[in-house]
Amino acid sequence: MIAPSEPAVRAAFAAVFERLAAELGAGATRIVITPLRYAARPYSHIVLAEATGGDRPLRFYAKIGKASPTLESDSPDTATRYRTEFELLSRLSAELRDDAALGVVQPMALFEEFPAIVTLEAPGRDFLAEIKATASFGASAAAEAALATYARLCGAFLKRFHGALPVAGAWTLEDMRDYIDRRLRHLVETGWGGIDLRWRDRTLRWFDDLAADVSPADLALVAVHGDFGLSNVVVHGGRVAVLDVSMFQQGSALLDLTHIHHQLVQLGAHPRFTRAFAARLARALIEGFDAVLDPGAPLFQLFRLQHMACQMARLADARDQPWLSRLYDRYVTRRNLAWLADAAG
């Protein structure tokens, strides 16, 4: 779809493009903006467009926020979140300007009255698309090495990101336990994967055993991306550029890392890829972040549990998927449960 179907959303984008064209043309040059592709997201409407008439064509993404009943009542309003996102992108862009391997999408404009944020299109394709294009059903040694480099750079980016905005304080394992248990209870209620109360209780006992060995130093707050995944990283020419920092928050240094690590490990469940390939990318990710980090450490394991619980809760609700997709969902769930059973002992 090139443009949104709702008249109000189309009108909002038209107003954004008019404002942007005026800024790009600086009142002298006539800038023409052509929408190329539209996508609806849970919290936003996004249009890829191209501006012509200036020194060179510019392709960019315009994102207009929308209210969502799923946001917590104490969450910042959309305009505040977009202002924070724009400021953070501007700060990171300046900090990484001279880095040949790490970057973020370049912010172009912020229009708080809509609210809308505009960013330049980053060259390349997202990391997941790159993996599928170059490694499906077998990757050459060169392609696999290049993908491992991108994974390593993702880890390096996170290390830089966590230090970009100094924060203070600590988070609690009690909140993490409650977050996980809400998803476990949902799994029990749906019966997905044969999960019952006995399995939930066993999993929570394992959580408590691991939590007892977590150092207080590991609970320090850092700046986290909040949605750092394979589809939010663009790769090209030995460089990574990170997208969409709108979910920026404070949290654990392992939150983002274990999220994309989970996605990489899960590639090994797909028939396109081998487990050895997925494991190599996962190891490279950790190496880029911290060469001495042990993925068997208690807190790392707790986050793996959290991401698996979230994934299985989503799969439990995906009842309208085609039968083949549901069959794959059940396989992924069985794989997760096997890992949990082995890890919990």
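Residues numbered from 1 in each chain as written. Predicted model: local features only at pLDDT ≥ 70, side-chain atom pairs only at ≥ 80, totals over all residues. Heavy atoms only, no water.

Novice: So what about the packing of aromatic side chains? Which residues, and what values?
Specialist: Counted according to the given criterion, the structure contains eleven aromatic pairs. Taking the centre distance of 6.0 Å and the plane angle of 5° together, the rings of Phe157 and Phe228 count as stacked. Pair noted here: Phe157 is in helix H4 (residues 141-164) and Phe228 is in the loop between strand S8 (222-224) and strand S9 (233-236), with a separation of 71 residues, a long-range link. Aromatic rings pair up to connect Phe157, Phe161, Phe228 and Phe248 into one cluster. The ring of Phe289 is capped by Lys159, whose NZ or CZ atom sits 4.5 Å from the centre of that ring. Between Arg183 and the ring centre of Tyr179, over which it is positioned, the NZ or CZ distance is 3.6 Å. (Phe/Tyr/Trp six-rings, centres within 6.5 Å; stacked < 30°, edge-to-face > 60°. Helix = DSSP H or I, 4+ residues; strand = E, 2+ residues; numbered from the N terminus. Lys NZ or Arg CZ within 6 Å of the ring centre and 35° of its normal.)

Novice: Explain the sheet that holds strand S5 (residues 107-111) residue by residue, including any values.
Specialist: Paired through their backbone hydrogen bonds, the strands of a sheet run either parallel or antiparallel. Here we have five strands laid out as an open sheet, ordered S1-S2-S3-S6-S5, and antiparallel in their pairing. Across the chains shown, the open sheet's two edge strands, defined by having one partner strand only, are strand S1 (32-40) and S5. Each neighbouring strand pair of the sheet contributes to a mean axis angle of 20°, computed without reference to strand direction. When strand S2 (residues 44-52) meets strand S3 (residues 58-65), the two strands line up antiparallel, connected through eight bridges. In the strand pairing of S3, Val47 is matched with Ala62. This element, helix H2 (residues 78-95), spans S2, S3, S5 and strand S6 (116-120) of the sheet and lies at about 160° to S5. (Pairing = 2+ DSSP bridges. Axes fitted to C-alpha atoms, helices over the stretch in contact; angles between N-to-C directions. Contact = heavy atoms within 4.5 Å.)

Novice: Can you lay out the side chain of Asp329 for me, pointing to particular residues and giving the numbers?
Specialist: Of note, Asp329 is situated in helix H10 (residues 323-344). A residue is classified by how much of its surface remains accessible, and Asp329, at 10% relative accessible area, is buried. Residue contacts for Asp329: discarding those within four places in its chain leaves Trp192, Leu315 and Ala318. (Buried < 20%, exposed > 50% of the residue type's maximum accessible area, 1.4 Å probe, protein only.)

Novice: Which residues make up the environment of Pro295, and what values do they have?
Specialist: Structurally, Pro295 is set in the loop between helix H8 (275-289) and helix H9 (298-317). Sequence spacing of Pro295 and Ala223 is 72 residues, and the spatial spacing of their C-alpha atoms is 21 Å. Not counting the four nearest positions on each side in its chain, Pro295 is found in contact with Ile286, Phe300 and Gln301.

Novice: How would you summarise the environment of Leu281 if you had to cite specific residues and measurements?
Specialist: Tracing the backbone through its elements, the reader meets Leu281 in helix H8. Sequence separation between Leu281 and Arg183 is 98 residues, and the spatial gap between their C-alpha atoms is 28 Å. The residues touching Leu281, leaving out its near neighbours within four places in the chain, are Ile131, Glu144, Leu147, Ala148, Ala151, Leu264 and Leu267.

Novice: Give a description of the pattern of salt bridges that names residues and reports values.
Specialist: Counting across every chain of the model gives 17 salt bridges. A salt bridge links Arg59 to Glu121, with the nearest nitrogen and oxygen atoms 2.9 Å apart. With Arg59 in strand S3 and Glu121 in the loop between S6 and strand S7 (125-126), the pair connects residues that are 62 residues apart, well separated along the chain. Between Asp317 and Arg319 there is a salt bridge, with the nearest N and O atoms lying 3.9 Å from each other. The exposure class of Asp317 is partly exposed, given its relative accessible area of 40%. Judged by its relative accessible area of 56%, Arg319 is exposed. Connected through salt bridges with shared partners, the residues Asp181, Arg185, Arg200 and Asp201 form a single ionic network. (Salt bridge = Lys/Arg side-chain N within 4 Å of Asp/Glu carboxyl O.)

Novice: Give me the packing of helix H6 (residues 197-211) against H10: which residues, what numbers.
Specialist: Two elements in contact, H6 and H10, have axes whose closest approach is 10 Å; the angle formed by their N-to-C orientations is 50°. One finds that H6 runs oblique with respect to H10. The handedness of the crossing between H6 and H10 is left-handed. On H10, the residues touching Trp199, Arg202 and Trp206 of H6 are Leu337, Trp339, Leu340, Ala341, Ala343 and Ala344. Here the contact of H6 with H10 is built from residues that sort into eight nonpolar, no polar and one charged. (Parallel < 35°, antiparallel > 145°, perpendicular 65-115°, else oblique. Left-handed = near helix turned anticlockwise from the far one by under 90°. Nonpolar A, V, L, I, M, F, W, Y, C, P; charged D, E, K, R; others polar.)

Novice: Account for H9, with residues named and values stated.
Specialist: For H9, spanning 20 residues, the distance from its first C-alpha to its last is 29 Å, which sits close to the expected 28 Å at 1.5 Å a residue. Among the 20 residues of H9, 17 are classified as buried, and the element is accordingly described as predominantly covered. (Expected span 1.5 Å × (residues − 1).)

Novice: Explain the side chain of Gln301 to me, and be specific about the residues and the numbers.
Specialist: The residue Gln301 is located in helix H9 in this model. Excluding anything up to four places from it in sequence, Gln301 contacts Trp206, Leu210, Pro295, Gly296, Trp339 and Ala343.

Keep in mind that these numbers describe shape and distance, not what the molecule does.
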